[in-house]
Amino acid sequence: MDNYELIDMMLSKPWLLTGESLTALRFFLNGYSYCKLEYKLIEDETKYELFPLPWKFFGIYVRDQIPVDCGEREWYYQMMTYYGDKEGYRMFCHFYQEFRSLKITSVRRMPLNEDQMIFYREALDRKMEDSYGEPEYEQLVHANKLFPMSVYLIALSDGSCLVAVEDTEFVRLKLCFFKNEQRAEKYVYSQFCSLDANWFEITGVSELRFPKPLISDMYYSDMER
């Protein structure tokens, strides 16, 4: 049973399991995760499909719905800070339903050419030089070891957009809901340059399956939200 199956069960029997308390719901989830770890019941998390989205994305989704910066990305602290326990539980149910209802409306893929890769490497070198000794430096060192091959823009039913970058081993889904497709495209061009952008639309997609294992990549914030 994964997080989604467990939450579906908890929400179907709130008074039996959580008493409609956000804190109780979180403790139940944490206890279940600890139990799986203690008894070595961790499932193989290798996946190729986009949906259900990795659980990390729920916290990002909640953060984007709350109108103030609560200073925490973990969904529980965000909701407790802004709503409190009882109202937080009600809003959790609301956000969870919206999150689980997200659907793909369009997908575009851009194979990266040599000029775009040169742009990527040169921009990355400049960022590493400017951020040496800063917390983000290690992330840039990690990015410098990757060999991107193509980029996906995935538009969703709420108007937001996801970005995924395929390299030699994985498809790395950026931990960010971009405000719209234009914002996502702007981010991609900042990484790989807009010159010679050659997008191919993947039609008839409702369940997107990638050619390599999908993982959640580095966190990014769309600052214009």
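Computed from a prediction, not measured in an experiment: that's the story for all the values here.

K.L.:
Would you mind showing me how to read the layout of surface pockets here?
P.N.:
In this approach the atoms are scanned with a rolling probe the size of a water molecule, which exposes any empty space left behind. Volume-wise, the second largest pocket comes out at about 450 Å³. Lining the second largest pocket are 21 residues, with Ala143, Lys174, Tyr187, Gln191 and Met218 sitting closest to its centre. Listed by contribution, the elements that provide at least two residues to the lining of the second largest pocket are α7 (114-130), α8 (137-144), β3 (161-166), β4 (171-175), α9 (181-192) and β6 (214-219). Among the residues making up the lining of the second largest pocket, the classes are represented as 13 nonpolar, two polar and six charged.

K.L.:
Quick question: what am I supposed to make of the pairing of β3 here?
P.N.:
Two faces make up the sheet, and in a regular strand the side chains alternate between them. Counting buried residues along β3, six of its six residues qualify, which places the element largely inside the surrounding structure. Side chains Cys161, Val163 and Val165 of β3 all project onto a buried face; the interleaved residues Leu162, Ala164 and Glu166 project onto the opposite face, where all are buried too. Across six bridges, the pairing between strand β2 (residues 150-156) and β3 is antiparallel. Its bridge partner lying in β3, alanine 155 is registered against cysteine 161. Remark: four residues form the turn of the hairpin made by β2 and β3, two consecutive strands paired antiparallel; glycine 159 in that turn has positive phi of roughly 95°. Strand direction decides the pairing type here: β3 and β4, joined by three bridges, are antiparallel. Its bridge partner being in β4, valine 165 is matched across the sheet by arginine 172.

K.L.:
What should I look at first to understand the pattern of salt bridges in this one?
P.N.:
Pairing is possible between side chains that carry opposite charge, provided their charged atoms lie close to one another. Under the criterion given, the structure shown has nine salt bridges. Salt-bridge contacts for arginine 90 lead to glutamate 87; the nearest nitrogen and oxygen are separated by 2.6 Å. Here arginine 90 pairs with glutamate 87, and both are found in helix α6 (residues 85-100), just three residues apart, close to one helical turn. Salt-bridge contacts for arginine 108 lead to glutamate 185; the nearest nitrogen and oxygen are separated by 2.9 Å. Residue arginine 108 is found in strand β1 (residues 104-111), and its partner glutamate 185 is found in helix α9; the two are separated by 77 residues along the sequence. Taking relative accessible area as the criterion, arginine 108 reaches 17% and is therefore assigned buried. Through salt bridges with shared partners, one network takes in Arg108, Glu181 and Glu185.

K.L.:
When you look at unusual backbone geometry in this model, what are you seeing that I'm missing?
P.N.:
Keep in mind that most residues, glycine aside, have a negative phi and that most peptide bonds are trans. In this chain, phenylalanine 51 is followed by proline 52 through a cis amide linkage whose omega measures -5°. Within the fold, proline 52 resides in the loop between α3 (22-38) and α4 (56-65). At cysteine 193, a position not held by glycine, the phi torsion is positive, near 75°. Within the secondary structure, cysteine 193 is located in the loop between α9 and β5 (200-202).

K.L.:
Explanation requested: the environment of phenylalanine 57 in the structure shown.
P.N.:
Secondary-structure assignment places phenylalanine 57 in helix α4. A sequence separation of 42 residues divides phenylalanine 57 from phenylalanine 99, and the C-alpha atoms of the two residues are 9.0 Å apart. Every residue in contact with phenylalanine 57, bar those within four places of it in the chain, is listed here: Phe99, Leu162, Leu173, Lys174, Leu175, Cys176, Phe177 and Ser216.

Calculation criteria
Residues numbered from 1 in each chain as written. Predicted model: local features only at pLDDT ≥ 70, side-chain atom pairs only at ≥ 80, totals over all residues. Heavy atoms only, no water. 1 Å grid on protein atoms, 1.4 Å probe; cavity = no way out; pocket = protein on both sides within 12 Å on 5 of 7 lines; lining within 4 Å. Points joined across faces, edges and corners; volume = space filled by probe spheres on them. Helix = DSSP H or I, 4+ residues; strand = E, 2+ residues; numbered from the N terminus. Nonpolar A, V, L, I, M, F, W, Y, C, P; charged D, E, K, R; others polar. Buried < 20%, exposed > 50% of the residue type's maximum accessible area, 1.4 Å probe, protein only. Pairing = 2+ DSSP bridges. Salt bridge = Lys/Arg side-chain N within 4 Å of Asp/Glu carboxyl O. Contact = heavy atoms within 4.5 Å.

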